[in-house]
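Single-letter residue listing:
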Amino acid sequence: MIDTKNLTIEKAHEAIKNGEYTCRDLALAYLKNIEEKNKEINAYLEVFDDALAQADKAQEMFKNGTAVLMTGIPLAIKDNILFKGHIASASSKILENHVATYDSTAVKKLKQAGAVILGRTNMDEFAMGSSTETSAYGVTHNPYDLTRVPGGSSGGSAAALAADMALVTLGTETCGSVREPSAFCNLVGIKPTYDTCSRHGIIAMGNSLDQVSPFGKNVRDAEIVLECISGYDKEDATSTPPQVVEKVKAKNMKPEMKKIGVPWHLFKEGTDPEVMENFKASIEKFKNAGYEIVDIELPYSKYSLAVYYIIMPAEVSTNLSRFDGIRYGFSTSGKDLVDVYKKSRYGGFGKEARRRILLGTYVLSQGFHDAYYNKAVKIREKIKQEMLEAFKQVDFISTPTVPVLPFKLGEKMSDPVSMYLCDIFSAPANLSGMPAIALPTGFSKTGLPMSIQFTANHFCDQALFDLGKKFEIIK
Amino acid sequence: MEIKDIETLAELARLDLPAEEKDALVGEFSGILEYVDIVRGADVDDVKLAPEHYNAWREDEYTERVFDRESILQQFPDRDGDFLKVKKIL
């Protein structure tokens with residue numbers, strides 16, 4: 001009997017290496033958990049029928065001495081990450097029958113390492129949401145309280161991991177889509193520096209913001225997964241060449257990083273009192289461990305979520321124009337070609353996707369382009385500049401990960417703005433391209449998970465892992 | 001924002017919308033736009049947008065691709081042999 005609850009990647013690796021169990025045994029243990037739990041949680045949309053074959057292949061790597069840390073590790077991928085020969089639907093009806101014709105770079109690297117991809121997980125449709133309720137395939141339930149949301153948009157991956165239905169999982173971020181569900185499901189989630197991981201083969205939402213992002217039950221697991229999937233990729237035109245990464249890293253990483261800036265002014269209002277108390281207690285722990293806590297001001301960051309809700313829909317309306325019912329995906333007949341487009345797009349896209357397509361069309365339309373899109377792009381630059389400026393003074397910026405506790409299913413569905421506000425602290429990292437990590441900080445009186453977020457300068461992802469590991473000791 | 005504005009956007013975005021959704025969108029749009037309108041107050045006069053663009057093109061060299069033709073053809077909603085079938089355009 002494998003103790004999946006307390007398992008880590010390194011423990012599993014050692015156990016397989018020492019012959020305590022095989023890759024197949026490990027995969028079977030997780031498949032059993034899925035069998036028992038997925039019905040009520042709905043984290044997985046599909047368990048791949050080649051999972052055990054992948055496990056047997058991984059076992060070969062142990063036999064012939066080519067095994068690495070990720071070999072044989074059972075994981076789940078979000079439904080917007082392409083895995084050749086398998087359905088990737090972005091949890092949308094418009095892609096319900098879409099079979100990936102190639103591997104995303106992330107999957108290619110996982111396959112090379114011999115990881116075992118168990119299945120694909122539920123998400124908000126096209127990653128548009130903060131609760132996994134906009135999926136065309138039903139809501140996902142939070143394993144800590146089945147009446148509540150797991151967060152989103154990578155809620156399926158978060159719930160799968162929190163319920164031990166995988167050892168690690170992959171999500172994607174556009175604005176908090178891994179950090180927010182990490183906070184709601186008591187997990188570690190890292191949004192790496194923009195284009196640390198290739199976006200090749202990831203169904204795009206907002207290209208200038210999207211990033212593959214791992215979940216782990218602990219910091220080290222998330223670190224191992226990120227190491228496996230990151231790196232320069234010529235298939236992604238925005239991928240950063242290694243010499244640039246090294247140059248920026250050398251400039252931004254310091255031998256001792258112990259100064260934490262807190263922009264209190266950003267969250268003095270609108271944050272749940274229990275979340276606020278918990279955040280202060282975590283900051284106090286860092287202080288007691290010898291970290292210096294500094295008040296900082298980020299005047300432009302208060303615009304970040306509004307800026308995000310202009311730039312993201314603009315990119316969404318452009319990206320999603322490719323889904324037209326002609327070459328692949330859902331299609332309905334119509335009286336002429338334009339009618340086929342309109343009917344297929346109405347029938348294929350859900351309500352939130354339609355809303356964001358229209359919003360993006362609006363902010364890019366003649367007469368409004370300057371007031372919205374161009375203005376937002378300029379504020380985005382200001383936000384990035386003020387964060388770069390802040391990092392001259394401090395090593396990390398900290399806020400609560402989410403201003404609220406995991407909410408009830410359905411609670412925010414009729415009020416888009418209140419749903420959008422869940423990601424208010426997430427936006428600066430995506431807009432500036434900087435890495436940010438969410439770390440679990442315990443539970444509320446009602447037993448719901450809470451979390452603290454740290455942002456670091458470009459390519460200081462390693463500093464976030466080091467800080468996270470330190471927190472695992474001092475908390 | 002009025003119904004006719006939503007209709008114009010829907011036309012531009014090639015979306016067929018039922019009447020009740022148009023009604024609902026008028027209200028939802030005003031809520032969202034009221035929120036994002038705070039950007040109007042931001043002072044960005046001094047921002048000169050000079051993005052650090054560089055050429056990421058590659059040489060046009062032959063490389064083996066993993067795509068296989070049939071897996072792409074199989075995705076067509078409507079086909080005639082190896083041809084993709086669409087409604088008459090002209």
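Look above for the structure.
Quick notes on the rules
- Residues numbered from 1 in each chain as written.
- Chains lettered and ligands numbered in written order.
- Predicted model: local features only at pLDDT ≥ 70, side-chain atom pairs only at ≥ 80, totals over all residues.
- Heavy atoms only, no water.
- Helix = DSSP H or I, 4+ residues; strand = E, 2+ residues; numbered from the N terminus.
- Rg over C-alpha atoms; globule rule 2.2 N^0.38 Å.
- Buried < 20%, exposed > 50% of the residue type's maximum accessible area, 1.4 Å probe, protein only.
- Areas by Shrake-Rupley, 256 points an atom, 1.4 Å probe, with all protein chains shown as cover.
- Lys, Arg positive; Asp, Glu negative; His and termini not counted.
- Charge placed at Lys NZ, Arg CZ, Asp CG, Glu CD.
- Core = buried A, V, L, I, M, F, W, Y, C linked by side-chain atoms within 4.5 Å.
- Phe/Tyr/Trp six-rings, centres within 6.5 Å; stacked < 30°, edge-to-face > 60°.
- Lys NZ or Arg CZ within 6 Å of the ring centre and 35° of its normal.
- Axes fitted to C-alpha atoms, helices over the stretch in contact; angles between N-to-C directions.
- Parallel < 35°, antiparallel > 145°, perpendicular 65-115°, else oblique.
- Contact = heavy atoms within 4.5 Å.
- Pairing = 2+ DSSP bridges.
- Buried area = accessible area lost by both parts, 1.4 Å probe.
- Salt bridge = Lys/Arg side-chain N within 4 Å of Asp/Glu carboxyl O.
- Polar contact = N/O pair within 3.5 Å; in protein donor to acceptor, adjacent residues only side chain to side chain.
- Expected span 1.5 Å × (residues − 1).
- Bend = angle between axes of the 7 residues up to and from the residue.

A. Layout of the overall build of chain A. The secondary structure content of chain A amounts to 16 helices and 11 strands. Against the compact-globule benchmark of 23 Å for 475 residues, chain A has a radius of gyration of 21 Å, which places it among compact chains. Out of the 475 residues in chain A, the part that is buried amounts to 65%. Surface accessibility of chain A: about 16600 Å² in total, with carbon and sulfur atoms responsible for 52%. Taken as two groups, the 56 positive and 57 negative side-chain charges of chain A have centres that lie 3 Å from each other.

B. Main features of the nonpolar core. All names here are of chain A. Ranked by size, the top nonpolar core spans 79 residues in total, and within it Met70, Leu118, Leu170, Phe396 and Phe454 carry the most contacts. For this core, the leading source of residues is helix α2 (residues 23-41), giving eight residues. The next biggest cluster of nonpolar side chains, apart from the first, holds 77 residues, and it includes Met205, Phe330, Tyr372 and Phe391.

C. Layout of the packing of aromatic side chains. As enumerated under the stated definition, the model contains 22 aromatic pairs over all chains in all. Centroid distance phenylalanine 286 of chain A to phenylalanine 454 of chain A: 5.2 Å. Interplanar angle 70°. Geometry classified as edge-to-face. Of this pair, phenylalanine 286 of chain A sits in helix α9 (residues 273-288) while phenylalanine 454 of chain A sits in strand β11 (residues 449-455), and the two are 168 residues apart along the sequence. This pair shows no difference in class: phenylalanine 286 of chain A is buried, exactly as phenylalanine 454 of chain A is. Where phenylalanine 396 of chain A meets phenylalanine 454 of chain A, the ring centres are 6.3 Å apart and the plane angle is 80°; that geometry is what we call edge-to-face. Here phenylalanine 454 of chain A lies in strand β11 and phenylalanine 396 of chain A lies in strand β9 (residues 396-400), a separation of 58 residues in the sequence. A residue is classified by how much of its surface remains accessible, and phenylalanine 396 of chain A, at 1% relative accessible area, is buried. Of the residues examined, phenylalanine 454 of chain A reaches a relative accessible area of 0% and is grouped as buried. Clustering of aromatic rings is evident, with ring pairs tying together Phe286, Tyr291, Phe396, Phe454 and Phe471 of chain A. Just above the ring of tyrosine 372 of chain A sits the side chain of arginine 40 of chain B; from NZ or CZ to the centre is 5.3 Å.

D. Molecular detail of the packing of α9 of chain A against helix α16 (residues 461-474) of chain A. All names here are of chain A. Running from amino to carboxyl end, α9 crosses α16 at an angle of 95°, the nearest separation of the two axes being 10 Å. For the element pair α9 / α16, the angle class is roughly perpendicular. Counting all contacts with α9, which are made through Ser282, Lys285 and Phe286, the residues of α16 involved are Leu467, Phe471 and Ile474.

E. Quick peek at the environment of histidine 86 of chain A. Residues and elements named next belong to chain A. One can find histidine 86 in the loop between β2 (74-78) and α4 (105-113). Taking the C-alpha atoms as reference points, histidine 86 and phenylalanine 48, separated by 38 residues in sequence, lie 7.8 Å from one another. Not counting residues up to four positions away in its chain, the partners in contact with histidine 86 are Phe48, Asp50, His98, Val99 and Ala100.

F. Seen up close, the pairing of strand β10 (residues 436-443) of chain A. Residue and element names in this part refer to chain A. For β10, the tally of buried residues reaches six of eight residues, placing the bulk of the element in the interior. Sheet topology note: the strand β5 (residues 188-191)/β10 ladder contains three bridges and is antiparallel. Along β10, the bridge assignment pairs isoleucine 190 with isoleucine 437. In the sheet, β10 pairs with β11 via six bridges, with the strands oriented antiparallel. Paired with isoleucine 437 across the bridge in β11 is phenylalanine 454. From the end of β10 to the start of β11, which pair antiparallel, there are five residues, and glycine 447 there has a positive phi angle of about 85°.

G. Just the interface of chain B and chain A, in detail. Contacts between chain B and chain A engage 46 residues on the former and 58 residues on the latter. Summed over both partners, the interface of chain B with chain A comes to about 4600 Å²; 69% of that surface belongs to carbon and sulfur atoms. Here chain B and chain A share four salt bridges between them. Glutamate 28 of chain B is the salt-bridge partner of arginine 355 of chain A, the closest N and O atoms lying 2.9 Å from each other. Viewed at the interface, chain A and chain B are joined by 15 residue pairs in polar contact (both at pLDDT 80 or more). Of all the elements in the fold, those that place two or more residues in the side of chain B that touches chain A are α1 (3-12), α2 (19-36) and α3 (69-73) of chain B. At nine residues, α2 of chain B tops the list of elements feeding residues into the side of chain B that touches chain A.

H. Spotlight on unusual backbone geometry. The linkage connecting glycine 152 of chain A with the following residue, serine 153 of chain A, adopts the cis geometry, with an omega of 10°. As for its position among the elements, serine 153 of chain A is in the loop between β3 (116-121) and α5 (155-162). Phi at aspartate 195 of chain A is positive, roughly 65°, even though this residue is not glycine. Tracing the backbone shows aspartate 195 of chain A in the loop between β5 and β6 (211-216). Residue classification places aspartate 195 of chain A among the buried residues on the basis of a relative accessible area of 2%. A positive phi angle, close to 55°, is found at arginine 14 of chain B, a residue other than glycine.

I. Spatial organisation of the pattern of salt bridges. One pass over the full model with this rule turns up 34 salt bridges over all chains. Between aspartate 164 of chain A and lysine 5 of chain A there is a salt bridge, and its shortest N-O distance comes to 3.9 Å. One end of the pair, aspartate 164 of chain A, is in the loop between α5 and β4 (168-173); the other, lysine 5 of chain A, is in the segment before α1 (9-17), with 159 residues separating them in the sequence. Between aspartate 5 of chain B and lysine 4 of chain B there is a salt bridge, with the nearest N and O atoms lying 3.7 Å from each other. When salt bridges that share partners are traced, they join Glu10, Arg220, Glu223 and Lys469 of chain A into one network.

J. The arrangement of α2 of chain A in detail. All names here are of chain A. Taking 1.5 Å as the rise per residue, α2 with 19 residues should run 27 Å; its terminal C-alpha atoms sit 25 Å apart, in good agreement. The sharpest bend along α2 reaches about 40° and sits at glutamate 35. Of all the residues in α2, the buried ones are Cys23, Leu26, Ala27, Ala29, Tyr30, Leu31, Asn33, Ile34, Asn38 and Ile41. The inward-facing, buried residues of α2 contact α1, β1 (44-47), α3 (51-63), β2, β3 and α5. Of the residues flanking the end of α2, it is asparagine 42, one or two places downstream, whose phi is positive at about 60°.

K. Region of interest: the sheet that holds β10 of chain A. Residue and element names in this part refer to chain A. What the 11 strands build is an open sheet, ordered β1-β3-β2-β4-β6-β5-β10-β11-β9-β7-β8; its pairing is mixed. Looking at the sheet topology across the chains shown, the edges are occupied by β1 and β8 (292-295). Recorded for the sheet is a direction-independent mean angle of 30° between the axes of neighbouring strands. Note that β2 and β3 share five bridges and pair parallel. In the sheet register, alanine 76 faces β3, and the bridge partner there is glycine 119. Packing against the sheet, helix α13 (residues 370-393) makes contact with β7 (259-262), β8, β9 and β11, and its axis sits at approximately 110° to β9.

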